Each structure stands twice: as structure tokens, then as C-alpha cells.
Amino acid sequence: MTTIPATTDRISAPAPTPASADTTGSVVKAEQRRELGVFLRSRRERIQPEEVGLAPGGRRRTPGLRREEVALLAGVGVTWYTWLEQGRDINVSAQVLEAVANTLRLDRLERNHLYTLAGIQLGPARGECSVLPASIQKMLDAVSPYPALVLNSRYDILAFNDAYCDVVLDMRAIPVEERNMLWLTFVSQEWRCSFAESESMKHHMVAAYRAALAHHLGEPVWQDLTQRLLASSPLFAELWERYDVAAPSTRIKVLDNARVGMLRIEPATMWLTQAGQLRANVYTAADEDTEAKLRILVGAG
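Parameters and conventions
- Residues numbered from 1 in each chain as written.
- Predicted model: local features only at pLDDT ≥ 70, side-chain atom pairs only at ≥ 80, totals over all residues.
- Heavy atoms only, no water.
- Helix = DSSP H or I, 4+ residues; strand = E, 2+ residues; numbered from the N terminus.
- Buried < 20%, exposed > 50% of the residue type's maximum accessible area, 1.4 Å probe, protein only.
- Pairing = 2+ DSSP bridges.
- 1 Å grid on protein atoms, 1.4 Å probe; cavity = no way out; pocket = protein on both sides within 12 Å on 5 of 7 lines; lining within 4 Å.
- Points joined across faces, edges and corners; volume = space filled by probe spheres on them.
- Nonpolar A, V, L, I, M, F, W, Y, C, P; charged D, E, K, R; others polar.

This part takes up unusual backbone geometry. With an omega dihedral of 20 degrees, the bond running from S144 to P145 counts as a cis peptide bond. Summarising the element assignment, P145 is placed in the loop between helix 6 (134-142) and strand 1 (148-152). Within the chain, R105 stands out as a residue other than glycine whose phi angle is a positive 55 degrees. Considering the arrangement of structural elements, one finds R105 in the loop between helix 4 (94-103) and helix 5 (108-117). Exposure remark for R105: the relative accessible area of 46% places this residue in the partly exposed category. With a phi close to 70 degrees, Y155 is a non-glycine residue in the positive phi region. Mapped onto the elements, Y155 comes out in the loop between strand 1 and strand 2 (157-160).

Below is the structure:
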């Protein structure tokens, strides 16, 4: 067991002085710093002291690790880490952030999320595109009888094929301004399809949206969607407060179709890199029975 010393004000990280520019050359926005602090707190509160070799100690006012315990285990100053959680504008280096990530046992997606919120870029800057070339629609039409659609990182539905309308939801009947997968899932009354394990699917969607939002904090269209979802869906608000992050799911999904019964569909995701951060999801049949049912639904059998 590791014992927390009486004095823990040892500074192994840079002194907590206000930063005119981040060590990566970019200034962390105020909203990013706030989100970073809340995310760090949510991650440390899920770790019990005994899990990292610390004595449980006396009664704790909050669940999980204390700030000074995270600082000790990460080898950083208590003051510096406290300021980091408080969202103050301080210097943050990749090396020190990595030590914090290891201490909080972040997985790959959570680690990337942490770096994004801290303003440390791990790869090329992401682009956006709002206009799809005609070839994308041709591709979607060509994969019938498999349902397919194109989404951006905000879950806006930018294109779909007839098979998607026949099997999952008739997107042609949905107003353009409501063609957002999160809005349809959590708010819209038009969503008539029934997925098994829908609760876990919704949890995963919210986590993937939060991960994507880290790249767009402060952007009005993202803020507007988030606030409308929070105001319109208690379930979305509940899941949002978990501060989980994830990548888009590729798990097999079970869909209960009113005409043919259960369908087991497996999403194949293709990133449309030339068009920016867009992805095409093609829902292929996971078994022969589903293959036959899909052909019946789209009139290809």
C-alpha cells in the first residue's frame, strides 16, 4: 500500500503560471478548459484508492481518488493538477498529460479525448465538408439491398439509399432539419424501428458524440444541437452527465422489423477521407436469414 504523505506540494510538472500560449503553440479555449476539468474529475471519481495501491483512508466526501492522490501517482504538483481540473489557463505539456492519463487508466479513446481538450493535436487537423459528390449517392444505391447512409461527426444524415428507407426508417418523410441520428433517436416521434439493446446503443451514441464534440467546442451549430437535445430528452441529459467517450460502434445490431421480424445487421463503416470527416455506414446481413429478409423488404428477392 502507498501512503499519502502529510505534505504533497511537490512540483514535478511546470510551475502553475498563466500561459500566454500552450506548449504545442495553440491556446486552449475557455470552454475546452472547463470541459477538460469536468472530464478529469469524472475519470478520477471512478477509481477506488485500493485499485491503485492506496490505503482507503477515512471517510471520503467524494467517490474515487482525491486530487492530491492523482497528483502523487502522476508525479505532478498538487497545485498544478488542481488548477488543471479547475479549468485555469496553465501550461500543459504532452509528457505531463501522458502521466495523468496513465494514472487515471484512460483507454485509447479517452486519452485522445483528453489531448484534444487540452489543445494538443495528435495528428493532422480535421476538415469538414457539407457538399457530397454525386458518386457517393451512386455508391449508396449500388449496395442495395443493404441499408446505407452517410453521417458527419455530428450525426447529421447527409445521404441515404432506398433500402435504408424500406428497412430502418423512411428518411424521405423526415424534414431535412430533423435528419440527425441523435435527434431521431432521443426526441423524434418518427423513429419507429426497434433495436434490441437499445439502451446500450443510445449510451454509445452519446459517448461517440461527446468525443467528436471535443473538436468543435464553441461552434454554434454544435452548441445548438447539444442544448436542444439536453432540453428535449431527459435520457440524453442523463447519459451526457456520464462524460463517457467512444468511437462509432461496429457491433452487430438486432432490428425488429414490423414486416419480417428480427434482422441481424452488421455495420461496415467507410471513412470518406476526401470529403472530410464523413462516414458511410452500410448495414450488411449478419446471417443468411437476414440476407433473405432484406431482399424481400427491398423487392430484390
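Next comes the rest of the description.
Here the focus is the pairing of strand 6 (residues 278-285). Of all eight residues in strand 6, seven are buried; the element is thus mostly enclosed. With five bridges joining them, strand 1 and strand 6 adopt antiparallel strand pairing. Residue pairing across strands places V150 opposite A280, the latter belonging to strand 6. Across seven bridges, strand 5 (residues 261-271) lies against strand 6 in antiparallel orientation. Across the sheet, P267 pairs through a bridge with Y283, a residue of strand 6.

In this section: the layout of surface pockets. Size it by volume and the second largest pocket reaches roughly 490 Å³. In terms of lining residues, the second largest pocket is bounded by 26 residues, among which M201, M205, S249, K253 and Y283 are the most central. At the level of elements, helix 8 (181-186), helix 9 (198-213), strand 4 (253-257), strand 5 and strand 6 are the ones that each hand at least two residues to the lining of the second largest pocket. Looking at which element gives the most residues to the lining of the second largest pocket, the answer is helix 9, with four residues. Across the lining of the second largest pocket, the residue classes tally to 16 nonpolar, six polar and four charged.

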